[in-house]
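As a plain string of letters, each chain reads:
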Amino acid sequence: MHYNVMDSLMCPLTGTVFSGVITRKNLKLIIWYQGETIVQAGDVLSSTGKKLLVNGIASDIKIITVFPFNRANWALLSSRTGCPANGTRPPSACHRPGTCRFASCPYGLEKLAAVEE
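A. Spotlight on the nonpolar core. In terms of nonpolar packing, the biggest core is built from 19 residues, with Val21, Tyr33, Val39 and Leu45 touching the most fellow members. Residue assignment for this core shows that the elements contributing at least two residues are strand 1 (2-11), strand 2 (16-23), strand 3 (28-34) and strand 5 (51-54). Leaving out residues up to four positions away in the same chain, Val21 has contacts with Tyr3, Asn4, Val5, Met6, Leu27, Lys28, Leu29, Ile31 and Leu45.

This is the structure we're talking about:
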């Protein structure tokens, strides 16, 4: 198995990640996984035995499921994951209301303090 990562979407509600990947034979898939390792566009996923490697380094990724990639599914995931940093123009700080299950922001953003009215 050898996949090139096209993009990833974080889901703060579940603490999981959706990554769009492409194989050497041009098969596009979405990998839904959990783990502290966050893959970004340009990363390479491969396997050796039961270990999943990211850029040749062992990871803690636990794959939940894999399904075919298509633009409609990706757009739906992007609109429903609830992470303000998903997309082409991430903000300079996180303005997501509510909690986030990631121990630290995968995008390195600081959480803005809630404004009292």
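B. Looking closely at the sheet that holds strand 1. The sheet built from seven strands is open, its strands ordered 6-5-4-1-2-3-7 with antiparallel pairing. In this open sheet, the two edge strands, each paired with only one partner strand, are strand 6 (57-58) and strand 7 (62-68). In the packing of helix 1 (residues 71-80) onto the sheet, the strands contacted are strand 1, strand 2, strand 3 and strand 7, and the crossing angle to strand 1 comes to about 35°.

C. Expanded view of the packing of aromatic side chains. Per the stated rule, a full pass over the model turns up two aromatic pairs. Ring centres of Phe18 and Trp32 lie 5.3 Å apart, and the angle between their planes is 10°; on these two criteria the pair is classed as stacked. One end of the pair, Phe18, is in strand 2; the other, Trp32, is in strand 3, and 14 residues separate them in sequence. On the basis of relative accessible area, Trp32 is assigned to the partly exposed category, the value being 26%.

D. How the structure looks around the pairing of strand 5. Sheet analysis places strand 4 (residues 44-48) next to strand 5, joined by four bridges and oriented antiparallel. Note that in strand 5 the partner of Ser46 across the bridge is Leu53. What sits between the antiparallel neighbours strand 4 and strand 5 is a turn of two residues, in which Gly49 has the positive phi angle 65°. As paired elements, strand 5 and strand 6 share two bridges and run antiparallel to each other. Looking at strand 6, one finds that Val54 is bridged to Ile57. Where strand 5 hands over to strand 6, the hairpin turn is made up of two residues, of which Asn55 adopts a positive phi near 55°.

E. Region of the structure containing the environment of Phe69. Topologically, Phe69 is positioned in the loop between strand 7 and helix 1. In this structure the C-alpha to C-alpha distance between Phe69 and Leu27, which are 42 residues apart in sequence, comes to 8.5 Å. Excluding residues that lie within four positions of it along the chain, Phe69 makes contacts with Met6, Gly20, Lys28, Leu29, Ile30 and Trp74.

F. Focus on the environment of Val5. Within the secondary structure layout, Val5 lies in strand 1. In this structure the C-alpha to C-alpha distance between Val5 and Tyr33, which are 28 residues apart in sequence, comes to 13 Å. Leaving out residues up to four positions away in the same chain, Val5 has contacts with Gly20, Val21, Val39, Gln40, Ala41, Gly42, Asp43 and Leu45.

Rules behind the numbers
Residues numbered from 1 in each chain as written. Predicted model: local features only at pLDDT ≥ 70, side-chain atom pairs only at ≥ 80, totals over all residues. Heavy atoms only, no water. Core = buried A, V, L, I, M, F, W, Y, C linked by side-chain atoms within 4.5 Å. Buried < 20%, exposed > 50% of the residue type's maximum accessible area, 1.4 Å probe, protein only. Helix = DSSP H or I, 4+ residues; strand = E, 2+ residues; numbered from the N terminus. Contact = heavy atoms within 4.5 Å. Pairing = 2+ DSSP bridges. Axes fitted to C-alpha atoms, helices over the stretch in contact; angles between N-to-C directions. Phe/Tyr/Trp six-rings, centres within 6.5 Å; stacked < 30°, edge-to-face > 60°.

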